[in-house]
Amino acid sequence: CPFSDFPDPFAAAREAEGIQEIDDQGDPVKMVLGHRNVRKSAHDWKTYQSGAKPGRIVVPSEVNIRDIRQIPFETDPPEHTAYRALVEAWFRRPLEEAYEAALTELINSELDRALNAGAMEVVHDFALPLQSRALTLLLNCPRQEAEHWIGWGTHVFRSDDDPLDSGKANQLYDYLDAEIARAGKDPENGTDLYAHLLRAEYKGRKLTIEEIKGVMILTFAGGRDTVINAVTNTLAYFAGNPEDLARLKENPDLTTRAVEELVRYFSPLTHMGRVATKDAEVSGCPVAANTRISLAWAAANRDPGVFENPNEVVIERKANPHLGFGFGIHKCLGAPHARQVLKVLINALARRVNKIEVTNYEDNIEQWGEFERKVGFHRLQIQIS
Ligand code: HEM
């Protein structure tokens, strides 16, 4: 099916060398492609650090467009451990019953809107507002704030045509400055994430504004296009595979497994970089000190040595050690939220939707050196009933 297939561009290179170097603004990246080596390198944070110059572990590198460190993402132990401890419980709130109930109400009202219209463009008219409004639950802030974020477009950090446009990030920074100042007027009684961070104690002191911004930027950026793509791709998948939606309707207990399988298959975050702290070796290939590797979650997730029929969506797949949310100490903090969004969405689709038909679409293809990878859609026009 042309729109619901997400081919694996890494198969040959993963099989041959297991690693492939690509250029990025003169700071090359060796992409690690096999499941075993991705896990091993992610585990070895002493050799492959995240706490390099801010922006350098992101591909394409953002060193020239930002100097605020994203927290806890761009730190290593022991700082990482201490930062993460401040927010770990907060990011598990999505598992609470009241959170799931609020999310269910929210997603059903998005679906009401779609079903009433009968047709829509999924990325901008469904996934973006859904992601933005759901994020108000994670921040525990007024639902109304989402209307503001929706206006920023699908990527908070990058403009659509220029991935390295620094101007775009400023609107997020300015917004965060204002929000932190607002929460700072009464941090003791505030109930949102800003107030939580303003009250937090890091190694016996309060967090700086810069550090709070570092957490908030990551919360906005990390959960933006990943969730938008996951939601959009899920609708495309069920449009192309209505029998799977029918099976989920018959057997809602399969939903949890379906969520994991779709995250494996779509792998909304293709890869993330690390900087070698010393001369090292991956997959028999030398990695020089102060050069970059990347952990290619998307390539690892199609490794035939780990996943039977890796290029097929098997919604009832049992053992599913996918790396879609990363691996090791940096594994995704937003995963409980993202999993709940997808679970509630799939349940609502299975219960309420009879037919999804794609009428027009434009793929979103990433280019990594020679690799071309479909990560989602720029546009997905559907009819829904
Ligand atoms: C880390 C994927 C949604 C916040 C990660 C990592 C991956 C990932 C692969 C590991 C990065 C690394 O090791 O360098 C995804 C996917 C998502 C998603 C596929 C959606 C389907 C979210 C959401 C949020 C979020 C909704 C928050 C709103 C974070 C944070 C980290 C992270 C804060 C860094 C954790 C740390 O460094 O300790 N994510 N993510 N993510 N993600 Fe997500």
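Please refer to the structure placed before this passage.
Attention in this report is confined to the structure presented alongside it. (Residues numbered from 1 in each chain as written. Predicted model: local features only at pLDDT ≥ 70, side-chain atom pairs only at ≥ 80, totals over all residues. Heavy atoms only, no water.)

1. Describing the site of the ligand
Around the ligand sit 29 residues in total, of which His80, Arg84, Arg274, His330 and Cys332 are the nearest. Here His330 contributes a side-chain N or O atom positioned 2.7 Å from an oxygen atom of the ligand. Of all elements in the fold, only α3 (79–87), α5 (122–139), α9 (209–222), α10 (225–240), β7 (272–276) and α14 (335–352) reach the threshold of two or more residues within the shell around the ligand. A per-class count over the shell around the ligand returns 16 nonpolar, 10 polar and three charged. (Near = heavy atom within 4 Å. Polar contact = N/O pair within 3.5 Å; in protein donor to acceptor, adjacent residues only side chain to side chain. Helix = DSSP H or I, 4+ residues; strand = E, 2+ residues; numbered from the N terminus. Nonpolar A, V, L, I, M, F, W, Y, C, P; charged D, E, K, R; others polar.)

2. Some details on unusual backbone geometry
Going from Ile71 to Pro72, the amide bond is cis rather than trans, its omega being 5°. In the Ramachandran plot, Ser267 falls in the positive-phi region, its phi being about 35° despite a non-glycine side chain. Here Ser267 lies in the loop between α12 (255–266) and β7. You will see that Asn290, though not glycine, has its phi angle at about 65°, which is positive.

3. Regarding α5
For α5, which comprises 18 residues, the first-to-last C-alpha distance of 24 Å matches the rise-based estimate of 26 Å (1.5 Å per residue) to within 8%. Leu128 marks the point of greatest bend in α5, at about 25°, and the proline Pro129 comes within the next four residues. The element α5 is largely enclosed, with a buried count of 16 among its 18 residues. Its side-chain oxygen placed 3.0 Å from the backbone nitrogen of Val123, Glu121 serves as the N-cap of α5. Immediately downstream of α5, the backbone of Asn140 shows phi near 55°, a positive value. (Expected span 1.5 Å × (residues − 1). Bend = angle between axes of the 7 residues up to and from the residue. Buried < 20%, exposed > 50% of the residue type's maximum accessible area, 1.4 Å probe, protein only.)

4. Details of the packing of aromatic side chains
Within a pair of aromatic rings, the relevant descriptors are the distance that separates the centres and the angle that separates the planes. One pass over the structure, following the stated rule, counts 13 aromatic pairs. Pairing Phe6 with Phe377 gives two aromatic rings, centres 6.2 Å apart and planes at 85°, and the pair type is edge-to-face. Here Phe6 is found in the segment before α1 (11–16), whereas its partner Phe377 is found in strand β12 (residues 371–384), with 371 residues between them in sequence. Grouping residues by exposure puts Phe6 and Phe377 together as buried. Site record: aromatic cluster; members linked through ring pairs are Phe3, Phe6, Tyr265, Phe266, Tyr361 and Phe377. Seen from the ring of Trp90, Arg93 lies directly overhead, with NZ or CZ sitting 4.5 Å from the centre. Its guanidinium or amino end placed over the ring of Phe6, Lys374 lies 4.7 Å from that ring's centre, counting from NZ or CZ. (Phe/Tyr/Trp six-rings, centres within 6.5 Å; stacked < 30°, edge-to-face > 60°. Lys NZ or Arg CZ within 6 Å of the ring centre and 35° of its normal.)

5. A few points about α9
For α9, spanning 14 residues, the distance from its first C-alpha to its last is 19 Å, which sits close to the expected 20 Å at 1.5 Å a residue. Counting buried positions along α9 yields 11 of 14 residues, so the element is predominantly enclosed. Those residues of α9 not exposed but buried are Glu211, Ile212, Lys213, Gly214, Val215, Met216, Ile217, Leu218, Thr219, Phe220 and Ala221.

6. Remarks on the sheet that holds β7
Spatial ordering of the open sheet is given by β1-β2-β10-β7-β3, a layout of five strands whose pairing is mixed. Each end of this open sheet is capped by a strand with a single partner; those strands are β1 (19–22) and β3 (48–49). As paired elements, β7 and strand β10 (residues 292–295) share four bridges and run antiparallel to each other. Pairing of Val275 across the sheet is with Arg292, part of β10. Set on the sheet, helix α2 (residues 35–43) makes contact with β2 (29–32), β3 and β10; between it and β10 the angle comes to about 120°. (Pairing = 2+ DSSP bridges. Contact = heavy atoms within 4.5 Å. Axes fitted to C-alpha atoms, helices over the stretch in contact; angles between N-to-C directions.)

7. A word on the environment of Arg56
Within the secondary structure layout, Arg56 lies in the loop between β3 and α3. Its relative accessible area of 13% is what places Arg56 among the buried residues. Once the C-alpha coordinates of Arg56 and Leu323 are considered, the two residues, 267 residues apart in sequence, prove to be 21 Å apart. Excluding residues that lie within four positions of it along the chain, Arg56 makes contacts with Asp27, Ser61, Val63, Glu74, Val275, Asn290, Thr291 and Arg292.

8. Observations concerning the pattern of salt bridges
With the rule as written, the count across this model stands at 28 salt bridges. Here Glu110 makes a salt bridge to Arg113, at a shortest N to O gap of 2.5 Å. Residue Glu110 and its partner Arg113 are both found in helix α4 (residues 97–117); the two are separated by three residues, about one turn of the helix. With a shortest N-O distance of 3.0 Å, Lys213 and Asp177 are connected by a salt bridge. (Salt bridge = Lys/Arg side-chain N within 4 Å of Asp/Glu carboxyl O.)

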